[in-house]
Structures are given as structure tokens and as C-alpha cells.
Amino acid sequence: MSYFLSQQSLDHEERGELVTMVLDVFQHWGVPKEAQPVLLGLPEKTAPRTLLKYQQGSPFPNEADFIAHAEIILKIYRAVQTLFPGNANMANYWMSTDSYQFNNHCPLEVMYQQGLAGMQEVLDHINGDSW
């Protein structure tokens, strides 16, 4: 997974693989289709079906933004799995459950509303950097 993220530019196949990985994460977390483009750093009005075009290799509007969003999403996914080893359902549930640590919002809501800053806040919390 991480070999994509150290590169500045992705080729056609790598873009498709990366989108597939992130969409799989979204499926595990139960992210609504309309929220997926925003979490990937795409404009809010982006149609969910547009992700299929990107998955098939169409170039992203701003590839650097996409890579930054995809990278942190995958880091969060891996980190939250370590919170609940052997219990993927609980890890996925945690992402959509309101928490006092996030002012009674769920981590996904923080990520959606605050973009990369919110994603970093969630990752920092999981890693214990914000305690």
C-alpha cells in the first residue's frame, strides 16, 4: 500500500489501485457515497460515480491533494485496526460512533467537516498524540 504514497505522481494502474483501496476502506467504515469525494479532497459537488472513472485511471483534478487525502485515510484505517486487534467490526464501528474526544461527533464526521486537519486530528488521537 504505502509504496504509492511516497511518489509525487502515480501511473494509470497505481491510481486505480489506490482508489480501490480507499473505496474498500470507505465500504468498511460505511461512508455514504456522497461523502466519499469530499473525503478524497475532491469538490463537494463531485458525483459519486465520478470515483469509478478515477478508479479506472482517469486523472485526478489535483493529484497531490488526492494522494495526501488517500495517504492519511489509509494511515487512519491501519491505526484504528490496531486499537481493536482481531475485531474489525469494532474498529469500523468506532469510526462512526460519537465520542466526547471529538465534541460528541464521530471521527468520520470530523474528517468530513474539517478535511485534512480533521483527518490529522483523528490520526493523532488514535496514535495517542493528542491525549
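Just above, that's the structure.
Residues numbered from 1 in each chain as written. Predicted model: local features only at pLDDT ≥ 70, side-chain atom pairs only at ≥ 80, totals over all residues. Heavy atoms only, no water.

Q: Explain the side chain of Q36 to me, using residue names and the numbers behind them.
A: With respect to the secondary-structure elements, Q36 resides in helix α2 (residues 36-39). The exposure class of Q36 is buried, given its relative accessible area of 6%. Polar side-chain contacts of Q36 include one of 3.1 Å to the backbone oxygen of V31. Residue contacts for Q36: discarding those within four places in its chain leaves L23, F26, V31 and L51. (Helix = DSSP H or I, 4+ residues; strand = E, 2+ residues; numbered from the N terminus. Buried < 20%, exposed > 50% of the residue type's maximum accessible area, 1.4 Å probe, protein only. Polar contact = N/O pair within 3.5 Å; in protein donor to acceptor, adjacent residues only side chain to side chain. Contact = heavy atoms within 4.5 Å.)

Q: Give me the lowdown on the side chain of T46, citing residues and values where you can.
A: For T46, the position within the fold is in the loop between α2 and α3 (50-55). On the accessibility criterion, T46 (15% relative accessible area) is buried. Side-chain polar atoms of T46 contact the backbone oxygen of P43, separated by 2.7 Å.

Q: Summarise the pattern of salt bridges; cite the residues concerned and give the values.
A: Enumeration according to the criterion identifies one salt bridge in this entry. The closest approach of N and O atoms between K75 and E71, which form a salt bridge, is 3.8 Å. Residue K75 and its partner E71 are located together in helix α4 (residues 63-83), separated by four residues, close to a single helical turn. For E71, a relative accessible area of 25% puts it in the partly exposed group. (Salt bridge = Lys/Arg side-chain N within 4 Å of Asp/Glu carboxyl O.)

Q: So what about the environment of E34? Which residues, and what values?
A: Position of E34 relative to the elements: it lies in the loop between α1 (12-29) and α2. C-alpha separation for the pair E34 and R49, spaced 15 residues apart in sequence, amounts to 9.5 Å.

Q: Kindly report on helix α5 (residues 88-95), identifying the contributing residues and their values.
A: Of all the positions in α5, only A91, N92, W94 and M95 are classed as buried. Each buried residue of α5 sits inside an arc of 155 degrees when the element is viewed along its axis, so together they form one side. (Arc of directions from axis to C-beta.)

Q: Let's hear about the packing of α4 against α5: which residues, and what values?
A: Relative to each other, α4 and α5 sit at 125 degrees, their axes nearing to 9 Å. Between α4 and α5, the angle falls in the class oblique. For α4 against α5, the interelement crossing comes out right-handed. Between α4 and α5, the contacting residues are I76, Y77, V80 and Q81 on the first element and A88, A91, N92, W94 and M95 on the second. Tallied by class, the residues present in the contact of α4 with α5 amount to seven nonpolar, two polar and no charged. (Axes fitted to C-alpha atoms, helices over the stretch in contact; angles between N-to-C directions. Parallel < 35°, antiparallel > 145°, perpendicular 65-115°, else oblique. Left-handed = near helix turned anticlockwise from the far one by under 90°. Nonpolar A, V, L, I, M, F, W, Y, C, P; charged D, E, K, R; others polar.)

Remember that the coordinates give geometry; whether it matters functionally is a separate question.
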